[in-house]
Amino acid sequence: MEKEKKKDLIFSLAVIAFVFVAVVVLENILPRTSMLFTVLKKGSIYALVAVSMNLLNGFTGLFSLGQAGFMLLGAYTYAVFTIPVSQRAAVYQYFDGGIIQFSLPVFVAIILAGLVAAFFAYLIGLPVLKLKSDYLAIATLGFAEIIRALFQWDKLGGLTNGSNLLRRFPVFKSSVFPLAVSGICIAVIVMLINSTYGRAFKAIRDDEVAAEAMGINLAHHKRMAFTISSFFAGISGALLAMFQTTVQAAQFKSAMTYEILLIVVIGGIGSVSGSVISSFLFIACSEWWLRFLDNADTYIGAFHVPLLRPGFRKVVFSVVIMAIVLLYQRGIMGDSEISVAGIRKKLAARKAAAAEKKVSK
Amino acid sequence: MGFFQTNLPYLLAGISTGGQYALIAIGYTMVYGILRLINFAHGDVFMCAALMVIYSSSYLPLYISIPIAIVATGLLGFAIERVAYKPLRTAPRMSAMISAIGMSYLIQNLALYVTGGLTKYYPPVPFISDSIEIFGAMTKRVTVITPFVTLFLIIVLVSIIKYTKIGIAMRAVSRDFETAQLMGVKINSVISATFVIGSLLAAIGSSLFFSNYTGVTPTVGGMPGLKAFVAAVFGGIGSIPGAVIGAFIIGICENLIKGMGLTTFSDAFTFVLLIVVLMFMPTGLFGEKATDKV
Amino acid sequence: MSRTVLEMNDITMQFGGVVAVNSFSMHVDQGEIVSLIGPNGAGKTTAFNVITGVYPPTNGNVFFNGEKIIENHPRGKMKKLYAGTGNGKYTEHLEPTPDMITKLGIARTFQNIRLWKSQSVFDNVLIAKHLRRTSNVFSATFRLNAAEEKRQREETAELLNILGLYDVRDNNCTSLPYGLQRRLEIARALATNPSLLLLDEPAAGMNPQETIDLTDFVGKIRDDFKLTVCMIEHHMDLVMNISDRIYVLNFGALISKGTPAEVQADPAVISAYLGEDE
């Protein structure tokens, strides 16, 4: 047992190392502008926020729609604290260079981004987590909208730059960075889910009344799940800021939360690997593979393909999503996971079956 | 007098938006009353109604195209229910809500495709889009007409619910879904009727709303939709008078906030109100208390 | 004279106009098996829900091991109707949530089985061990609590062994037959290390053989785990066989109490179950 676990661990590490080496190699072969890297970067950011949402919706049974708000907090925290002092006068041109006149190292700012989001989540959680299902959803959605309005308010312009862009903060060039940060964060979430606390979350999801009767403090555990989920949403917000190189509050609308929710649903509610796969698929389709649907001048031979023009991609996309929601409610993965141990068991079973066949022959 | 004078235009606008929200909110509150579902697509139905008027009015005169659009919106509501919610009737509540969000996403993307992402403008409707002057404040006639249209429609609706067979069935279903079904109420037709009525009212609300704010974009329905939902929660979900009162309060407050120069917060205010209501009186003004059985 | 474990004084529970439990008092002593019986809707489960903190009672208080754990808190209109206990005054507001009650050592099962449906048999019991943890979320996430985790798993396995569920530990809990699901609920309750066990209709839906097994089983766990048991049950054979004392409720009010023999002979009980002679 122990030996096998060790083997699995080594194998997983090898796979991860291989992925990173492959990415580095590809970055040196392919042109920088290749869509593959956009997908890797944006996909890993969405994977993190999707997994963080899944921790709430899928594992704790809290239907929250505040993810965009917490990403906004993370993105702003990162941007505000990392713009180099020399650039502040230019960025905050309408607000006398802003009120913050120092900047933090990138990693400190990323962690701070998570902490700020978590702190707000804690405060918001105190009142709203008492609410049930759809009321909780609409209340968290409401808080996200309130946060967005606050960040666009002129009076806070010295901090947030009002409704203007924040820019000129440090960004990443290589896709290795977001992959690594998201990877570590997702690994931590998985470890949490498999710990005694994660089991308690699942108990709350399955039956709140029974969970409380077995001594699980609902308020405490729900707040914990909500805060931790928001911490990681904040970090993904910081990564998103780095990816986009600019930040503006107007972008973090409820539509963004809906998109993340749909990613979670496609991947399978209650499956981390599902969320990750579906994030990359979702981003790859919307940014890359289905782009041709938006091209009005598509010909197959001399045949002018009808219907294709800007916007068609999103229509196709939403039809696919509705089909999944209606006909295939379990999503890609249901609530199961892809894991090294799982694959090994399957292989072992196949081997055993093959051996049996041989014997019977 | 000074306060009154400066705020009069906002107050008038508030009453008028309130009326328009009320017409949308009824759709939310009726659907929630029966299916316990937040119909996220309802705001998009409202937007579609406007697009239908815009497109049909380029071929047809307005007095034909508006009624056609209203009827078509009713059908749209019916279709949405059949496609997106009926298959999930026995599924967990979360699935139905996700389906509603998916439907909203689909309608918005369809609208985006059709309009090509350009803002379309609502045609000026003769008479109701004309400018008039009240107490020295300039406004459109629609501002004055809206509250009366709203009240008239609500009286009609309440009488339907109170006295007709389908109305009685609706009340029975919203009280107890399963028992009503066992008593032989045709659940599906009741639910369809609810969606059709809600969509018709949203379509009328849409022609009033867009006569005032003429720009139509694919996402324009989102905010009024959410606000109307908040109005429904505020009034006590399932209660029609509650939704109407809630809608007027939200409409007026929102416009007065705009008048104070805090436009950024006019949307956020609605959500602050929502959260306060949910915290301190979760059943709203006229809602009924529900208890969970252990 | 054995120690009183649980004591309910003057408990009233009113929902709107319905008085579910009316001025009900009872006590359970160390090591006893006490049954609560009565026709459907008599307020038995409501009494359990008051003890376990699901509903704050309209009036009355509850003591556990001599310590007051729940105190009435009449609000609004109720203030006029109920003056509280203790010389017409209520001294404290004690409204603990169910998890706090469980932490004190009272565990329960449910009338309509409430297992965690997506979890295996083993995990259902393991999750209940979460209550007695010493690790925080940080140490648990980063596996700094490996020793505790190992201990929890060992204890769970041991418990499943004692209750005869070890062989099905990896099955999903919903795949178990009804009788075993009820047994698993008891196992889960025992995993919280209770000193008082509340069983809500443990024999409901069981066949006669399973019911007989359950009789032995309840006595066995009482002895093995040094428990005090309070039980709601409809199977009269079971109740009369294992109860030390019985309380009979009808329409929220206590109509009889005593040993099985006393209760069986009480005309009030007979009329409650069979109806009055006309």
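Remember, predicted model here, so these are calculated numbers, not experimental data. (Residues numbered from 1 in each chain as written. Chains lettered and ligands numbered in written order. Predicted model: local features only at pLDDT ≥ 70, side-chain atom pairs only at ≥ 80, totals over all residues.)

Novice: I would appreciate a short explanation of the overall build of chain A in the present structure.
Specialist: Along the backbone of chain A there are 15 helices and 4 strands. Taking 21 Å as the expected radius of gyration for a compact globule of 361 residues, we find that chain A reaches 22 Å, a close match to that expectation. In chain A, buried positions account for 48% of the 361 residues. Once local pairs closer than 6 in sequence are excluded, the contacts in chain A between residues at least 24 apart make up 80%. (Helix = DSSP H or I, 4+ residues; strand = E, 2+ residues; numbered from the N terminus. Rg over C-alpha atoms; globule rule 2.2 N^0.38 Å. Buried ≥ 20, exposed ≤ 12 C-beta atoms within 10 Å, placed from the backbone. Contact = placed C-beta atoms within 7 Å.)

Novice: Help me out: how do you make sense of the interface of chain A and chain B in this one?
Specialist: As a measure of interface size, the accessible area lost when the parts come together is often cited. Listed by partner, the interface residues are 32 residues for chain A and 32 residues for chain B. Within the residue set of the side of chain A that touches chain B, elements represented by two or more residues are α6 (133-151), α12 (254-267) and α14 (312-327) of chain A. Take the side of chain A that touches chain B: its biggest share by element is 10 residues, from α6(A). Split by residue class, the side of chain A that touches chain B holds 23 nonpolar, 6 polar and 3 charged. (Nonpolar A, V, L, I, M, F, W, Y, C, P; charged D, E, K, R; others polar.)

Novice: When you look at the sheet that holds strand β5 (residues 67-71) of chain C in this model, what are you seeing that I'm missing?
Specialist: All names here are of chain C. An order of β2-β1-β4-β5 is seen for the 4 strands of this open sheet, with the pairing classed as antiparallel. Looking at which strands have only one partner, the edges of the open sheet turn out to be β2 (18-29) and β5. Adjacent strand axes in the sheet meet at a mean angle of 20° when their direction is disregarded. Pairing of strand β1 (residues 4-15) with β2 involves 8 bridges; the strand directions are antiparallel. Across the sheet, Glu 7 pairs through a bridge with His 27, a residue of β2. (Pairing = 2+ DSSP bridges. Axes fitted to C-alpha atoms, helices over the stretch in contact; angles between N-to-C directions.)

Novice: I keep staring at the domain arrangement of chain A and nothing clicks. Help me out?
Specialist: All names here are of chain A. Looking at chain A, the domain boundaries give domain 1 (1-30) and domain 2 (35-251). Relative to domain 2, the C-alpha centre of domain 1 lies at a distance of 28 Å. Every contact between the two is made by 6 residues of domain 1 and, on the other side, 7 residues of domain 2. When grouped by side-chain class, the residues that make up the side of domain 1 that touches domain 2 number 5 nonpolar, no polar and 1 charged. (Domains from an automatic or database assignment.)

Novice: What is the right way to look at the sheet that holds strand β7 (residues 196-200) of chain C in this model?
Specialist: In a beta sheet, neighbouring strands are held together by backbone hydrogen bonds and run either parallel or antiparallel to one another. Residue and element names in this part refer to chain C. Reading across the sheet, the 6 strands line up as β6-β7-β8-β3-β9-β10 and stay open at both edges, with mixed pairing between neighbours. The open sheet terminates on both sides in strands that have one partner only, identified here as β6 (106-108) and β10 (253-258). Ignoring strand direction, the axes of neighbouring strands in this sheet form an average angle of 20°. Of the pairings in the sheet, the one linking strand β3 (residues 33-37) to strand β9 (residues 245-250) comprises 4 bridges and is parallel in character. Paired with Leu 36 across the bridge in β9 is Tyr 247. Running over the sheet, helix α1 (residues 44-51) touches β3, β6, β7, β8 (228-232) and β9 and is turned about 150° from β7. Taken strand by strand, helix α11 (residues 267-274) contacts β9 and β10, and its axis lies near 130° from that of β10.

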